[in-house]
Amino acid sequence: MVRTLIAAGNWKMYKTVQEASAYAEAFLSRVGNFQEVEMIICPPFTALPALSQSLSHSPVKLGAQNMHWEVKGAFTGEIAPSMLKELRCQYVILGHSERRHIFRETSEEVGKKVQSAFAWDLCPILCVGETLEERENGATNQIVEEQLLKGIESLPPEKAHTLVIAYEPVWAIGTGKAATPHDAEEVIAFIRQKLGEKLGQEMVEKIRILYGGSVTPENVFDFVVRPSIDGTLVGGASLDPEKFWKIVQETYRALQVK
Ligand code: PGA
């Protein structure tokens, strides 16, 4: 089954509002009406209002990089799901490894965020992935399983098909050393097996699983051409509109031969 492929850009803590607007203009001039690949941009919170405006009549969708699970309250520095909805975000990255490792987010917290995202009709992009040490100790599956199952513990079955998982090995993020497509497929097959045990095979066929970690215009084709990989979550290479557009085009080229 060929699912719609995704090219999602995670800008992390890059780009001011002005820079984000300039990017949108440059990127949209290339995209035009192109809709064959689902394109998602996840800028910093401060750029969401400007991009919400500039992307509104385009096929490019908007996502956030994080959120709190509560709807409102005394949580200084946090952003609520309702605030993302108001800005027409459709996606939200949850459990990115930088959140887990630098800001000590736990899998339980990520699970609460996933549940809250579904309650607000936001599609979570749930990130899972092992560190180099965990891989070398043979613990990859164990780590990924823990992050995955706690992440989707309270998944409403009727919305499960909108879930997106991103397999991002921590050692491949921002290092220029991507996993091999073969390694990525191996873990993604394991993720699908675990999802199948929880949600049933029919549902699993609908869930999209991305690869992330040092994706470039040069290597993206080899990932997304694989039957089990439904797109990519791109950090560094998504910061340049020309490179990100190339990634979208390469993703489309893979779709033709899938
Ligand atoms: P990278 O980041 O493409 O710069 O490796 C990927 C990510 O963190 O999502």
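Here's what I pulled together on the structure shown here. Quick caveat, the model's predicted, so the values are computed rather than measured. (Residues numbered from 1 in each chain as written. Predicted model: local features only at pLDDT ≥ 70, side-chain atom pairs only at ≥ 80, totals over all residues. Heavy atoms only, no water.)

Strand order in the closed barrel formed by eight strands is 1-2-3-4-5-6-7-8, and the pairing between neighbours is parallel. Ignoring which end each strand starts from, the neighbouring axes of this sheet average 25° apart. Examined bridge by bridge, strand 2 (residues 38-42) and strand 3 (residues 61-64) share two bridges and lie parallel to one another. Looking at strand 3, one finds that Ile41 is bridged to Leu62. Sitting on the sheet, helix 7 (residues 140-151) touches strand 5 (123-128) and strand 6 (164-167), and the angle it makes with strand 5 is about 155°. (Pairing = 2+ DSSP bridges. Helix = DSSP H or I, 4+ residues; strand = E, 2+ residues; numbered from the N terminus. Axes fitted to C-alpha atoms, helices over the stretch in contact; angles between N-to-C directions. Contact = heavy atoms within 4.5 Å.)

Take the site of the ligand next. Taken together, 13 residues form the shell around the ligand, and within it Lys12, His96, Glu168, Gly174 and Ser214 come nearest. Lys12 is positioned with one of its side-chain polar atoms (N or O) 2.7 Å from an oxygen atom of the ligand. Note that an oxygen atom of the ligand is positioned 2.7 Å from one of the side-chain N or O atoms of Glu168. With the chains in place, 95% of the 280 Å² that the ligand exposes on its own is no longer accessible. According to the grid-proximity analysis, the pocket containing the ligand is the second largest pocket. Partitioned by chemical class, the residues of the shell around the ligand number four nonpolar, seven polar and two charged. (Near = heavy atom within 4 Å. Polar contact = N/O pair within 3.5 Å; in protein donor to acceptor, adjacent residues only side chain to side chain. Areas by Shrake-Rupley, 256 points an atom, 1.4 Å probe, with all protein chains shown as cover. 1 Å grid on protein atoms, 1.4 Å probe; cavity = no way out; pocket = protein on both sides within 12 Å on 5 of 7 lines; lining within 4 Å. Sits in = over half its atoms within 2 Å of the grid points. Nonpolar A, V, L, I, M, F, W, Y, C, P; charged D, E, K, R; others polar.)

On to the environment of Asn10, then. Secondary-structure assignment places Asn10 in strand 1 (residues 6-10). Note on Asn10: relative accessible area 5%, which makes it buried. Distance in space between the C-alpha atoms of Asn10 and His96 is 10.0 Å, their sequence separation being 86 residues. Once residues lying within four places of it in the same chain are set aside, the contact partners of Asn10 are Cys42, Gln65, Ile93, His96, Leu233, Val234, Gly235 and Ser238. Here Lys12 takes part through its backbone nitrogen, which lies 3.0 Å from a polar atom of the side chain of Asn10. (Buried < 20%, exposed > 50% of the residue type's maximum accessible area, 1.4 Å probe, protein only.)

With that settled, the discussion passes to the layout of surface pockets. In this structure, the largest pocket encloses a volume near 480 Å³. When the residues that make up the lining of the largest pocket are grouped by side-chain class, the tally is eight nonpolar, five polar and four charged. Lining the second largest pocket are 24 residues, with Lys12, Gly174, Gly235, Gly236 and Ala237 positioned closest to its centre. For the lining of the second largest pocket, the residue count by class is nine nonpolar, ten polar and five charged. (Points joined across faces, edges and corners; volume = space filled by probe spheres on them.)

To continue, consider the nonpolar core. Counting 67 residues, the largest nonpolar core has Phe27, Leu126, Ile165, Ile191, Leu195 and Tyr211 as its most contacted members. If you tally residues by element for this core, the top one is helix 8 (residues 181-199), at six residues. Excluding its chain neighbours within four sequence positions, the residues that come into contact with Leu126 are Leu94, Arg100, Val110, Val114, Leu148, Gly151, Ile152, Leu163, Val164, Ile165 and Ala166. Listed in part, the 13 residues of the second largest apolar core include Ala8, Tyr91, Ile125 and Leu233. (Core = buried A, V, L, I, M, F, W, Y, C linked by side-chain atoms within 4.5 Å.)

Interhelical geometry of helix 1 (residues 17-31) versus helix 11 (residues 241-257) gives an angle of 35° and a closest axis separation of 9 Å. Helix 11 is crossed by helix 1, and the crossing has right-handed handedness. On the side of helix 1, the interface is formed by Tyr23, Ala26, Phe27, Arg30 and Val31, while helix 11 contributes Pro241, Glu242, Phe244, Trp245 and Val248. Split into classes, the residues belonging to the contact of helix 1 with helix 11 amount to eight nonpolar, no polar and two charged. (Left-handed = near helix turned anticlockwise from the far one by under 90°.)

This paragraph deals with the packing of aromatic side chains. Within this structure, the stated rule accounts for seven aromatic pairs. The interplanar angle of 65° and the centroid separation of 4.6 Å between the aromatic rings of Trp11 and Tyr23 together place this pair among those described as edge-to-face. Within this pair, whereas Trp11 is found in the loop between strand 1 and helix 1, its partner Tyr23 is found in helix 1, the two being separated by twelve residues in sequence. Take Tyr23: its relative accessible area is 3%, and that puts it in the buried class. Connected via pairs of aromatic rings, a cluster forms that spans Trp11, Tyr23, Phe27, Phe34, Phe244, Trp245 and Tyr252. Between the NZ or CZ atom of Lys15 and the centre of the ring of Trp11, over which it lies, the distance is 5.5 Å. The cationic tip of Arg253 hangs over the ring face of Phe221; the distance from NZ or CZ to the ring centre is 4.0 Å. (Phe/Tyr/Trp six-rings, centres within 6.5 Å; stacked < 30°, edge-to-face > 60°. Lys NZ or Arg CZ within 6 Å of the ring centre and 35° of its normal.)

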